[in-house]
Amino acid sequence: MDGGFGLDTKVPAKHLGEGEWKFFLLPKHEITQGMFVPIIPEEPFAYIERLKEGFLARKGEQTGVVFPEQS
């Protein structure tokens, strides 16, 4: 929404039943090739101009951006 990800829906409470509900966001496909650039707090991100073509990812405990290989 407003240029980003969003979800706008209504679900009647009677359809939910009882118990704990969890929601997950899963990628459509796994990106296995490309350049992984870690995101390190308090450090400048050198690839900010390419951010729209990247995907947020985790490698072990490190969060970063994967940029697909350019042809």
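Every chain begins its residue count from 1, and numbering advances along the sequence as written. With pLDDT at 70 or above as the cut-off, local features in this predicted model cover only qualifying residues; side-chain atom pairs require 80 or more to be listed or tallied, and sums for whole chains, interfaces and linings still use all residues. Based on all heavy atoms of the structure, the side-chain values leave hydrogens and waters out of the count.

**Notes on the pattern of salt bridges**
Rules: Definition used for salt bridges: Asp or Glu carboxyl oxygen within 4 Å of a side-chain nitrogen of Lys or Arg. For every residue, the accessible area obtained with a 1.4 Å probe (protein chains only) is divided by the maximum for its type, and the residue is called buried under 20%, exposed over 50%, and partly exposed between those limits.
This structure, assessed with the given rule, holds 2 salt bridges. Put simply, Glu53 and Arg50 hold a salt bridge, and the shortest N to O gap is 3.0 Å. Of the residues examined, Glu53 reaches a relative accessible area of 36% and is grouped as partly exposed. For Arg58, the salt bridge identified is with Glu61, shortest N-O distance 3.9 Å. Just as Arg58 is exposed, Glu61 falls in that class too.

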